[in-house]
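Below, each chain spelled out in residue letters.
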Amino acid sequence: MSATSSIAQIFKAYDVRATYPDKLNEEAAWSVGYAAGQFLLRQAGKATGEVVVSRDMRPHSPALAKSLIEGLRAAGASVADVGMCDTSFIYFAINHLGAIGGIQTTASHNPINYNGFKISGREARPIGATSGLKEIQSIAESLSEDVRTHAAAAGGYRQLDLWEEYREHVLGFLTPPKRKLKVVIDTANGMGGKLVPVVFGGLENIEIIPINFEITGSFVHEPNPLVAENMVPTQEGVRKHRADLGVSFDGDADRCILTDEKGGLIGCDHLTAFMATHFLKGADANAAVVYDLRSSKVVEETIRALGGKPHKGRVGHVFMKAALREMKGVFGGELSGHFYFRDNFYTDSGAITFAVVLSMLGQSNRSMSELIGPYRKYPQSGERNFEVQDKDGAIRALETRFGAGGEVDHLDGVSIDRWERDGWWLNVRASNTEPLLRLNTEAKDEKTLKKLLDEVTPLLGKPAAGH
C-alpha cells in the first residue's frame with residue numbers, strides 16, 4: 001500500500017482515526033504532524049508559532065505523539081508538550097498559552113487498537129473536513145520521500161505541566177455543595193482516571209467512589225457510555241453505594257453520561273434543558289442556548305420559558321462549536337454527551353459538565369431524579385437505524401408524505417415539525433460512512449408516537465441489526 005493511499009484512509013470527517021499500526025503508524029503520524037504544522041502556521045499567518053500536543057493513555061500514544069511532534073517541528077512549528085491528559089485539557093492549554101493550535105493523540109471511545117489525532121486551530125477552534133482537515137490531508141499526501149527523509153527539526157520544544165492551572169479553570173464552574181454528595185464514577189480505565197482525582201479529589205462535601213480508575217493501557221469495557229451495557233457498572237455502583245449521582249466518562253473524558261440516584265439514565269437532551277436553567281439564570285435577555293436537532297421539544301420549551309433564545313444545531317462537535325460561537329451563546333448540549341460552554345472557549349468539557357451538575361445538585365435539597373423528572377416529559381423513539389441503498393430517495397419520499405402542514409428544514413437530513421398540529425416531530429439523516437438512515441422522533445403521547453412510527457418506518461428500509 002502506498003503512503004498516499006494509507007494517508008487517505010486515516011482522515012475522517014472530524015479527525016484522524018484508524019487502527020494501529022496497520023493504518024495509522026509512526027510514519028503516518030510524522031506526515032500528519034508536518035502537514036498540520038504547515039497548515040496551522042499558514043492559518044495563523046506566521047512563520048513561527050507554538051502548537052500544543054497531548055495524548056491519552058493508549059499504549060501506542062507516546063510513540064505516535066513523538067512522531068507527530070517531530071513532524072510539527074520539521075514544518076517549522078514549535079511544540080508545547082503537555083503530556084497525558086483528557087482531550088478538553090488541550091482546549092484550555094491552547095487558549096492559556098495563546099498557541100496557534102493543538103493536537104490531542106486519541107481515538108476517543110474506540111477500542112484500544114485504534115488511535116488518532118484531534119486537531120484544533122487558534123482559540124481551540126475545531127479543524128474538521130470543512131474547516132481545514134482536507135487541506136491537511138492534501139499536504140500529507142503530497143509529501144515526497146525526500147521531505148520525509150531529510151526535513152530537520154526547525155521548531156522548538158518544551159514540556160509543560162499545566163494541571164494546577166487546568167484544575168483552577170474547571171473548578172471555576174463549581175459552586176461548593178452545601179450538603180454532602182456521594183458520586184460513583186466509572187472511567188473504564190480511560191483518561192477520566194487521571195482527570196477526576198487531580199481536579200475533583202479532596203473537595204469538601206464530595207465523596208467519589210471510583211470504578212476502573214487505573215490507567216492500565218487497556219479498557220475494562222468499551223469506553224463509550226452511549227451504549228447502554230457500558231453504563232451498567234455505573235448504575236450498579238450507584239445502587240450499591242446509595243450514591244446521589246452516577247457518572248461514566250468516555251475514553252478521552254471529554255464527555256460523560258449521568259445517572260440519577262436510582263441508576264436511571266439521564267438523557268443528554270434532558271440534561272441540556274436542566275443545565276440551561278443554570279446558564280440562563282442572570283444571563284442577558286435572549287441569550288442563546290444551542291442544542292442538538294435531535295433533542296426533546298422540552299429543550300426548546302425550557303429555553304423560551306427562561307427568556308433565552310433556542311438555536312437548533314447540526315449534529316457533530318465541529319458544527320455545534322461553530323454555532324455556539326456564532327450565536328455568542330452561553331451553553332450548548334448534544335445527544336452524544338458533549339456539552340459546550342461559552343466560558344470554556346466555546347468548547348466541550350466532560351469535567352465542566354460534571355462540575356456544573358454537582359453545583360446544581362449540591363445547592364438543592366432535592367434528589368437528581370426529582371430535579372431531572374420535569375424534563376422527562378414526552379415519549380421518544382431513541383435513535384433507530386435503517387439499511388437502505390437509496391438514502392436520498394427515502395428521505396424525499398418521507399418529506400413528500402409527511403412534510404405538508406409542518407415546518408420542514410434540511411439542516412441535517414430532513415426535519416419535519418408538526419408539533420402544534422399533530423403533536424410530533426421527526427428527523428431523518430444519512431450516515432456519512434454506512435448505507436444507513438438514522439431516525440429520531442418524539443410525540444406528545446405514546447399513542448401518537450406509535451402511530452407515527454408505524455407509518456414512517458416502512459419508508460426507511462430494513463431495521464439495521466445491532467443498532
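All figures in this text were calculated on a predicted structure; none of them were measured in a lab.

The rules behind these values
- Residues numbered from 1 in each chain as written.
- Predicted model: local features only at pLDDT ≥ 70, side-chain atom pairs only at ≥ 80, totals over all residues.
- Heavy atoms only, no water.
- Axes fitted to C-alpha atoms, helices over the stretch in contact; angles between N-to-C directions.
- Helix = DSSP H or I, 4+ residues; strand = E, 2+ residues; numbered from the N terminus.
- Parallel < 35°, antiparallel > 145°, perpendicular 65-115°, else oblique.
- Left-handed = near helix turned anticlockwise from the far one by under 90°.
- Contact = heavy atoms within 4.5 Å.
- Nonpolar A, V, L, I, M, F, W, Y, C, P; charged D, E, K, R; others polar.
- Core = buried A, V, L, I, M, F, W, Y, C linked by side-chain atoms within 4.5 Å.
- Buried < 20%, exposed > 50% of the residue type's maximum accessible area, 1.4 Å probe, protein only.
- Patch = residues over 30% accessible without salt bridge, like charges linked within 9 Å, V, L, I, M, F, W, Y side chains within 5 Å.
- Areas by Shrake-Rupley, 256 points an atom, 1.4 Å probe, with all protein chains shown as cover.
- Salt bridge = Lys/Arg side-chain N within 4 Å of Asp/Glu carboxyl O.
- Lys, Arg positive; Asp, Glu negative; His and termini not counted.
- Charge placed at Lys NZ, Arg CZ, Asp CG, Glu CD.
- 1 Å grid on protein atoms, 1.4 Å probe; cavity = no way out; pocket = protein on both sides within 12 Å on 5 of 7 lines; lining within 4 Å.
- Points joined across faces, edges and corners; volume = space filled by probe spheres on them.
- Polar contact = N/O pair within 3.5 Å; in protein donor to acceptor, adjacent residues only side chain to side chain.
- Pairing = 2+ DSSP bridges.
- Expected span 1.5 Å × (residues − 1).
- Phe/Tyr/Trp six-rings, centres within 6.5 Å; stacked < 30°, edge-to-face > 60°.
- Lys NZ or Arg CZ within 6 Å of the ring centre and 35° of its normal.

A. Seen up close, the packing of helix α2 (residues 26-44) against helix α5 (residues 129-142). Two numbers describe how α2 lies on α5: the axes approach to 8 Å, and their chain directions differ by 125°. One element, α2, and the other, α5, form an angle in the oblique class. In this structure, α2 crosses over α5, and the sense of that crossing is right-handed. Here S31, V32, A35, A36, Q38, F39, R42 and Q43 of α2 come into contact with α5, specifically with S131, G132, E135, I136, I139 and A140. Among the residues making up the contact of α2 with α5, the classes are represented as 7 nonpolar, 5 polar and 2 charged.

B. Region of the structure containing the nonpolar core. Counting residues in hydrophobic clusters, the biggest one holds 75 residues, and the most contacted among them are F200 and M275. A total of 9 residues in this core trace back to one element, the largest contributor, which is helix α13 (residues 350-362). Within the second largest apolar cluster, 33 residues are counted, among which are A29, F39, V79 and I119.

C. Just a negative patch on the surface, in detail. A surface patch of negative charge is lined by D161, E164, E165 and E168. Assignment of secondary structure puts D161 in the loop between β6 (157-159) and α7 (163-171). Classification of D161 by relative accessible area gives exposed; the value is 59%.

D. Broad picture of empty space enclosed by the protein. Counted under the stated rule, the structure contains 1 cavity of 30 Å³ or more. When its volume is computed, the largest cavity comes out at roughly 40 Å³. What lines the largest cavity is simply Y14, Y91, K118, I119, S120, P126, I127, H317 and V318. Looking at the lining of the largest cavity, the elements with two or more residues in it are β5 (114-120) and α12 (317-327). Considering each element in turn, the lining of the largest cavity owes the most residues, 3 residues, to β5. A per-class count over the lining of the largest cavity returns 6 nonpolar, 2 polar and 1 charged.

E. Local environment of the environment of S295. Checked against the element boundaries, S295 lands in the loop between β11 (288-292) and α11 (297-305). For the pair S295 and N427, spaced 132 residues apart in sequence, the C-alpha to C-alpha distance is 10.0 Å. Beyond its immediate stretch of four places on either side in the chain, S295 contacts D269, L335 and W425. Of the polar contacts made by the side chain of S295, one reaches the backbone oxygen of D292; its length is 2.8 Å.

F. View of unusual backbone geometry. Of note, the amide linkage connecting Y20 to P21 takes the cis form, showing an omega dihedral of 0°. Take P21: it is sitting in the loop between β1 (16-19) and α2.

G. Examining the sheet that holds strand β8 (residues 206-211) more closely. Within the open sheet, the 4 strands sit side by side as β8-β7-β9-β10. Their pairing is mixed. Each end of this open sheet is capped by a strand with a single partner; those strands are β8 and β10 (256-259). If you compare each strand with its neighbour and ignore which way they point, the axes differ by 25° on average. Across 4 bridges, strand β9 (residues 245-249) lies against β10 in antiparallel orientation. Residue pairing for β10: S248 is matched across the bridge by I257.

H. Examining the sheet that holds strand β21 (residues 462-463) more closely. With antiparallel pairing, the 6 strands of this open sheet are ordered in space as β17-β18-β19-β20-β16-β21. Strands at the two margins of the open sheet, each flanked by one partner only, are β17 (407-409) and β21. Sheet topology places strand β16 (residues 384-387) next to strand β20 (residues 436-443); 4 bridges connect them, and they run antiparallel. If you follow E387 over to β20, its bridge partner there is L436.

I. Layout of the side chain of H270. Along the chain, the position of H270 falls in helix α10 (residues 268-280). Looking at H270, the relative accessible area reads 8%, which means it is buried. Side-chain polar atoms of H270 contact the backbone oxygen of Y375, separated by 3.3 Å. Here H270 is in contact with S296, V298, I372, Y375, R376 and Q380, once residues within four sequence places are set aside.

J. Inspection of α2 at higher detail. For α2, built from 19 residues, the straight-helix expectation of 27 Å at 1.5 Å per residue is met to within 8% by its first-to-last C-alpha distance of 26 Å. The buried fraction of α2 amounts to 14 of the 19 residues, a majority that puts the element mostly inside the structure. Between the side-chain oxygen of the N-cap and the backbone nitrogen of E27 there are 3.2 Å, and the N-cap of α2 in question is N25.

K. Structural context of the packing of aromatic side chains. This model, assessed by the stated rule, comprises 15 aromatic pairs. On the numbers, 4.8 Å between centres and 55° between planes, the contact of F89 with W163 is tilted. Taken as a pair, F89 in helix α4 (residues 87-97) and W163 in helix α7 lie far apart in primary sequence, 74 residues in all. A relative accessible area of 10% places W163 in the buried class. Consider the rings of F89 and Y166, whose centres lie 4.7 Å apart with planes at 50°: the pair is tilted. Of this pair, F89 sits in helix α4 while Y166 sits in helix α7, and the two are 77 residues apart along the sequence. Here F89 and Y166 have matching classes, each one buried. Through pairs of rings, three or more aromatic residues link up here, namely F173, F279, F331, F339 and F341. A cation over a ring is seen here: R314 above F319, with NZ or CZ 4.1 Å from the ring centre.

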